[in-house]
Amino acid sequence: MGEPKVSLILTTYNCKENFRTTMESILTQDYPIIEIVVKDGGSTDGTLELIHEYEASFQTVTQQEVTLQDSNPNSEGLEPDNASIRTFIWKSAPDTGIYDALNQGIKLSTGDIVAVCNDRFTRPDAISLLVKAIQEKPDSIGAHADLVYADGDKIIRRWKMGIGQIRKGWMPGHPTLYLRREVYDKYGLYDTSYRCSADFEFMVRVLTDHEDRLAYVPETLISMYYGGTSTGSVRSYLRSINESHTALVRNHVKCAWWIIWKRTLKTIRQF
């Protein structure tokens, strides 16, 4: 049986340089079967032109691979499972925000494992390590790892995620979360009624019953762009706390404020 296909969901809106950095980071990965899915919100800063450039390069690579196989007298003996396959899918259309864009991207994807990828990998075997962790734990629903928040080359916060329980304030780092597709089939997509914390609500919804079924890679695999939806300002951070409380209550997790307090303490310790 071949390696599972990994779908990486990228969302963009007038963030040309970050998109370029993320794409170049993906291209360093040694994992052989990657599907890149880009959902753009209708950018006007040159991001669309850059998307076209990457699309053309993937088409060129695909044609080169076909040509090489046709000219190789031993090509009939090549195992398809060992082939390196990179596919590129994209769509540009208005959306209501990042979580709506992620939902659209997931719907476009076809991979066996799905992950959000709007940041940078710290090493070329990051995807390989996460997939291996999932495969080595057959009953797992996915895997996660450690990450850092970085402003350029300056590290603002280090996250050692470890293994824990939601009820004790623990939560995996969303940018490192790689999930089997059937998780989305069973639990659905992101709830777009949340403006800052739909990712938190999604993880609460999925992991409350399966905390022990998420494989963990104790390595820093992702460098996250600092200043995300829930950390861009004090106002957005306070809103994220309120939405996180709502997410816990709606998913019938008891002692919601106590969990939020313990989660906040864990966050402070990571700086």
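On a predicted model such as this, the values are computed, not experimentally measured, just so you know.

Student: Just checking my understanding: could you explain the pattern of salt bridges for this structure?
Tutor: Pairing between side chains of opposite charge can happen when their charged atoms approach one another. This structure, assessed with the given rule, holds 9 salt bridges. Salt-bridge contacts for Arg-20 lead to Glu-17; the nearest nitrogen and oxygen are separated by 3.5 Å. Here Arg-20 and its partner Glu-17 are both found in helix H1 (residues 16–27), 3 residues apart, which amounts to about one turn of the helix. Residue class for Arg-20 comes out partly exposed when judged on its relative accessible area of 31%. The shortest N-O distance in the salt bridge between Asp-95 and Lys-39 comes to 2.8 Å. One end of the pair, Asp-95, is in the loop between strand E3 (85–92) and helix H3 (98–108); the other, Lys-39, is in strand E2 (residues 33–40), and 56 residues separate them in sequence. Looking at Asp-95, the relative accessible area reads 26%, which means it is partly exposed. Connected through salt bridges with shared partners, the residues Arg-123, Asp-125 and Glu-219 form a single ionic network.

Student: Quick question: what am I supposed to make of the side chain of Glu-243 here?
Tutor: On the secondary structure map, Glu-243 appears in helix H7 (residues 234–250). With a relative accessible area of 8%, Glu-243 lands in the buried category. For Glu-243, the side chain forms a polar contact with the main-chain nitrogen of Cys-196, separated by 2.8 Å. Look past the residues within four positions of Glu-243 in its chain and what remains in contact with it is Tyr-194, Arg-195, Cys-196 and Ser-197.

Student: Please clarify how the packing of aromatic side chains should be interpreted in this entry.
Tutor: The tally for this structure, following the rule as stated, stands at 6 aromatic pairs. A centroid spacing of 5.3 Å and a plane angle of 15° characterise the contact between Tyr-184 and Phe-202, whose relative ring orientation is stacked. With Tyr-184 in helix H5 (residues 181–187) and Phe-202 in helix H6 (residues 198–207), this residue pair connects regions lying 18 residues apart in the sequence. Each of the two residues, Tyr-184 as well as Phe-202, counts as buried. Site record: aromatic cluster; members linked through ring pairs are Tyr-99, Tyr-184, Tyr-190 and Phe-202.

Student: Can you help me understand the nonpolar core in this one?
Tutor: One recurring pattern in soluble globular proteins is that nonpolar side chains are buried together. Within the largest apolar cluster, 38 residues are counted, with the highest numbers of intra-cluster contacts made by Leu-8, Leu-10, Met-23, Ile-36, Phe-121, Ile-127 and Tyr-178. For this core, the secondary structure elements donating two or more residues are strand E1 (6–12), H1, E2, helix H2 (47–71), strand E4 (113–116), helix H4 (126–136), strand E6 (142–151) and strand E9 (214–225). The element contributing the most residues to this core is H4, with 6 residues. Grouped together as the second largest cluster of nonpolar side chains are 33 residues, Trp-170, Tyr-190, Ala-247 and Ile-260 included.

Student: Just checking my understanding: could you explain the packing of H6 against H7 for this structure?
Tutor: Working note: a packed helix pair is described by the angle between its axes plus the distance between those axes. Closest axis-to-axis distance for the H6/H7 pair is 9 Å, and the angle between their directions is 25°. Relative to H7, the element H6 lies roughly parallel. Two packed elements cross with a definite hand, and for H6 against H7 that hand is right-handed. Here H6 contributes Phe-200, Glu-201 and Val-204 to the contact with H7, which in turn contributes Ser-244, Ala-247 and Leu-248. The residue makeup of the contact of H6 with H7, split by class, is 4 nonpolar, 1 polar and 1 charged.

Conventions we followed
- Residues numbered from 1 in each chain as written.
- Predicted model: local features only at pLDDT ≥ 70, side-chain atom pairs only at ≥ 80, totals over all residues.
- Heavy atoms only, no water.
- Salt bridge = Lys/Arg side-chain N within 4 Å of Asp/Glu carboxyl O.
- Helix = DSSP H or I, 4+ residues; strand = E, 2+ residues; numbered from the N terminus.
- Buried < 20%, exposed > 50% of the residue type's maximum accessible area, 1.4 Å probe, protein only.
- Polar contact = N/O pair within 3.5 Å; in protein donor to acceptor, adjacent residues only side chain to side chain.
- Contact = heavy atoms within 4.5 Å.
- Phe/Tyr/Trp six-rings, centres within 6.5 Å; stacked < 30°, edge-to-face > 60°.
- Core = buried A, V, L, I, M, F, W, Y, C linked by side-chain atoms within 4.5 Å.
- Axes fitted to C-alpha atoms, helices over the stretch in contact; angles between N-to-C directions.
- Parallel < 35°, antiparallel > 145°, perpendicular 65-115°, else oblique.
- Left-handed = near helix turned anticlockwise from the far one by under 90°.
- Nonpolar A, V, L, I, M, F, W, Y, C, P; charged D, E, K, R; others polar.

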